[in-house]
Amino acid sequence: MRIERILSCDAVSAAADLFDAPPIPAATELFLAQPGHHLLFAYDESGRAVGMISGVEMTHPDKGTEMFIYELGVAPAARLQGIGARLVAELGVIARRNGCYGMWVGTEVDNDAALATYRRAGATDEASFTLLNWDLIDGGADV
């Protein structure tokens, strides 16, 4: 297996099945153009993309820069082979190289597969928190 940083919209389109929904061309282009946005794919021996992770560097004046794991996905046929943990570790290498002081992710409390993957990659549990959301499209709450 090899892991590559993705910089091409064509590569994203070719691996559309790794995402929750079909990639939006304009959003893909914008994401890939940002230097603090990272998209990595894992490829099997045949050259097929079998996993992806996206991360975003976030900087705050009193904290510095940290890496947020935005999404992790592994093709169903390629699960339970350590691909997710390897993708997380590779994003961690990039985060360290770019001076991030930490890396974090949120997931559902009952997503056992994600929790096991992140823990296998070295993550530790933090205190629980409540996630609040604003739906800003299609009649969402006023902000």
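These figures come from a predicted structure and were not determined experimentally.

Asks: Honestly, helix 3 (residues 83–97) in this entry has me stumped. Any pointers?
Replies: Think of an α-helix as turning once every 3.6 residues; residues three or four places apart then point the same way. An ideal rise of 1.5 Å per residue puts 21 Å on 15 residues; helix 3 measures up with 21 Å between its terminal C-alpha atoms. Listed as buried for helix 3 are Ile83, Gly84, Ala85, Leu87, Val88, Leu91, Gly92, Ile94 and Ala95. Following helix 3 by one or two positions, glycine 99 adopts a phi angle in the positive range, close to 85°.

Asks: Help me out: how do you make sense of the packing of aromatic side chains in this one?
Replies: The tally for this structure, following the rule as stated, stands at four aromatic pairs. Ring centres of phenylalanine 68 and tyrosine 70 lie 5.5 Å apart, and the angle between their planes is 70°; this geometry places the pair in the edge-to-face category. Ring geometry for phenylalanine 68 versus tryptophan 104: centroids 4.6 Å apart, planes at 35°, classification tilted. Placement of phenylalanine 68 in strand 4 (residues 64–74) and of tryptophan 104 in strand 5 (residues 103–104) is noted, with a sequence separation of 36 residues between them. We classify phenylalanine 68 as buried; its relative accessible area is 17%. The positively charged end of arginine 2 is found above the aromatic ring belonging to tyrosine 43, 4.4 Å away from the centroid.

Asks: Looking at this structure, I do not really get the confidence of the model for the protein chain. What am I missing?
Replies: Do not read the fine detail of predicted coordinates wherever pLDDT is low. The predicted model of the protein chain has a mean per-residue pLDDT of 91, with 97% of residues at 70 or higher. No element of the protein chain has a lower mean pLDDT than helix 4 (residues 112–120), which averages 87, and none a higher one than strand 2 (residues 37–43), which averages 98.

Asks: Explain unusual backbone geometry here, please?
Replies: Comment: phi is negative for the bulk of residues other than glycine, and the bulk of peptide bonds are trans. Positive phi, close to 65°, is recorded for leucine 80, a residue that is not glycine. As for its placement among the helices and strands, leucine 80 is situated in the loop between strand 4 and helix 3.

Asks: How should the sheet that holds strand 3 (residues 49–60) be read in this particular structure?
Replies: Working definition: the strands of a sheet are paired by backbone hydrogen bonds and lie parallel or antiparallel to each other. The five strands lie next to each other as 1-2-3-4-5, forming an open sheet whose pairing is mixed. With partners counted over all chains shown, the strands left at the sheet margins are strand 1 (2–5) and strand 5, one partner each. Pairing of strand 1 with strand 2, which is carried by four bridges, proceeds in the antiparallel orientation. Counted as the bridge partner of isoleucine 3 is alanine 42 from strand 2. Strands in contact with helix 3 are strand 1, strand 2, strand 3, strand 4 and strand 5; relative to strand 4, the strand with the most contacts, it is inclined by about 160°.

Asks: Looking at this structure, I do not really get the pairing of strand 2. What am I missing?
Replies: Remark: a regular strand shows side chains that alternate across the two faces of the sheet. Judged by how many residues are buried, strand 2 sits mostly within the fold: six of seven residues are covered. Relative to strand 3, strand 2 runs antiparallel, the two sharing seven bridges. Looking across to strand 3, one finds that leucine 40 is bridged to isoleucine 53. In sequence, strand 2 turns back onto strand 3 through a hairpin of five residues, with glycine 47 there showing a positive phi of about 90°.

Asks: Can you help me understand the pattern of salt bridges in this one?
Replies: Any two side chains of opposite charge can pair, given that their charged atoms come close. According to the stated counting rule, one finds four salt bridges in the structure shown. Residue glutamate 4 pairs with arginine 2 through a salt bridge whose shortest N-O separation is 2.6 Å. Since its relative accessible area comes to 38%, arginine 2 is described here as partly exposed. One salt bridge in this structure joins aspartate 44 and arginine 48, with 3.6 Å as the shortest N-O distance. By relative accessible area, which is 19% here, aspartate 44 ends up buried. For arginine 48, a relative accessible area of 41% translates into the label partly exposed.

About the thresholds
- Residues numbered from 1 in each chain as written.
- Predicted model: local features only at pLDDT ≥ 70, side-chain atom pairs only at ≥ 80, totals over all residues.
- Heavy atoms only, no water.
- Helix = DSSP H or I, 4+ residues; strand = E, 2+ residues; numbered from the N terminus.
- Expected span 1.5 Å × (residues − 1).
- Buried < 20%, exposed > 50% of the residue type's maximum accessible area, 1.4 Å probe, protein only.
- Phe/Tyr/Trp six-rings, centres within 6.5 Å; stacked < 30°, edge-to-face > 60°.
- Lys NZ or Arg CZ within 6 Å of the ring centre and 35° of its normal.
- pLDDT = per-residue confidence, 0-100.
- Pairing = 2+ DSSP bridges.
- Contact = heavy atoms within 4.5 Å.
- Axes fitted to C-alpha atoms, helices over the stretch in contact; angles between N-to-C directions.
- Salt bridge = Lys/Arg side-chain N within 4 Å of Asp/Glu carboxyl O.

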